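# Survey of secondary and tertiary structure
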Amino acid sequence: MIHNAFLTPPRPDGWTVDDVLALPEEQTLLHRTDLVDGVLLVSPWPGLEHQRLLGKLQFALGLALPGGTELLPGVNVRLEGQRLMVPDLVILNRPGADTVAYAASDVLLAAEIVSPSTKVQDRILKRAIYAEALIPFYLLVEPQEPVGATLFELQGGEYELIAKSENGELHLTRPFEATLRL
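Residues numbered from 1 in each chain as written. Predicted model: local features only at pLDDT ≥ 70, side-chain atom pairs only at ≥ 80, totals over all residues. Heavy atoms only, no water.

### Some points on the sheet that holds strand β1 (residues 31-36)
Strand pairing in a sheet relies on backbone hydrogen bonds, with the paired strands running either antiparallel or parallel. Strand order in this open sheet of five strands is β2-β1-β5-β4-β7, and the pairing throughout is mixed. Edge strands, defined here as strands with exactly one partner in the open sheet, are β2 (39-44) and β7 (102-103). For β1 and strand β5 (residues 83-85), the ladder comprises two bridges, and the chain directions are antiparallel. If you follow Leu 35 over to β5, its bridge partner there is Leu 84. Each of β1, β2, β4 (77-79) and β5 touches helix α4 (residues 119-132); the most contacted strand, β5, lies at about 120° to it. (Pairing = 2+ DSSP bridges. Helix = DSSP H or I, 4+ residues; strand = E, 2+ residues; numbered from the N terminus. Contact = heavy atoms within 4.5 Å. Axes fitted to C-alpha atoms, helices over the stretch in contact; angles between N-to-C directions.)

What follows is the structure in structure tokens.
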């Protein structure tokens, strides 16, 4: 059962990052909760195919990670204002930090795997929000057959495409060298 807190903001001016981080665990186990300018974006946790693809990404990227970085799935990333996002995967440039929410400045790369319920958010909204937060790289993975992946790099305040997969393989030269077989 979802508590009424998801339906009614606790304050007339909307939700805050602290409100979201203080939600009881039983409310956040069933849904992924992002916050954009005081508005909750609640989506179901991803299905099995999404999780399998996430596992492949973690394995491929994990083998190539340079020193001074760390890869974590599904962590809170605190952005400017009342914004809190939960990317499918992040690569942090501040390994070993013990926090409930990482700062956007700690994130080298944010990755999203497109789900039927999050298509518009992943392709447009999150891409714009991560660029505004100055996250250097954004990886967007489309789980059709063959799996498609696109890596964007922040240039002049906007993401520019720098690598696109072919036949389910993505070759990265930045932010580090890696080959992702998806």
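### Considering the environment of Thr 16
Looking at the element boundaries, Thr 16 is found in the segment before α1 (17-21). Overall, the relative accessible area of 9% leaves Thr 16 in the buried class. Expressed as a C-alpha distance, the spacing of Thr 16 and Asp 37, which sit 21 residues apart in the sequence, is 8.2 Å. (Buried < 20%, exposed > 50% of the residue type's maximum accessible area, 1.4 Å probe, protein only.)

### Section: the confidence of the model for the protein chain
Counting all residues, the mean pLDDT for the protein chain is 89, and 94% of those residues have values of 70 or more. Of all secondary-structure elements in the protein chain, the lowest mean pLDDT belongs to helix α2 (residues 25-28), at 75, while strand β6 (residues 89-92) reaches the highest, 98. (pLDDT = per-residue confidence, 0-100.)

### Brief notes about the side chain of Ser 165
With respect to the helices, strands and loops of the structure, Ser 165 is situated in the loop between β11 (158-164) and β12 (169-172). Under the relative-accessibility criterion, Ser 165 is labelled buried at 15%. Residue contacts for Ser 165: discarding those within four places in its chain leaves Val 147, Gly 148, Ala 149 and Leu 170.

### Some points on the sheet that holds strand β8 (residues 107-113)
Strand order across the open sheet formed by six strands is β3-β6-β8-β9-β10-β11, with mixed pairing between neighbours. For this open sheet the edge positions go to β3 (70-73) and β11, each flanked by a neighbour on one side alone. Neighbour to neighbour, the strand axes of the sheet diverge by 20° on average, direction disregarded. Across the face of the sheet, α4 comes into contact with β8, β9 (137-142), β10 (148-155) and β11 while running at roughly 170° to β9.

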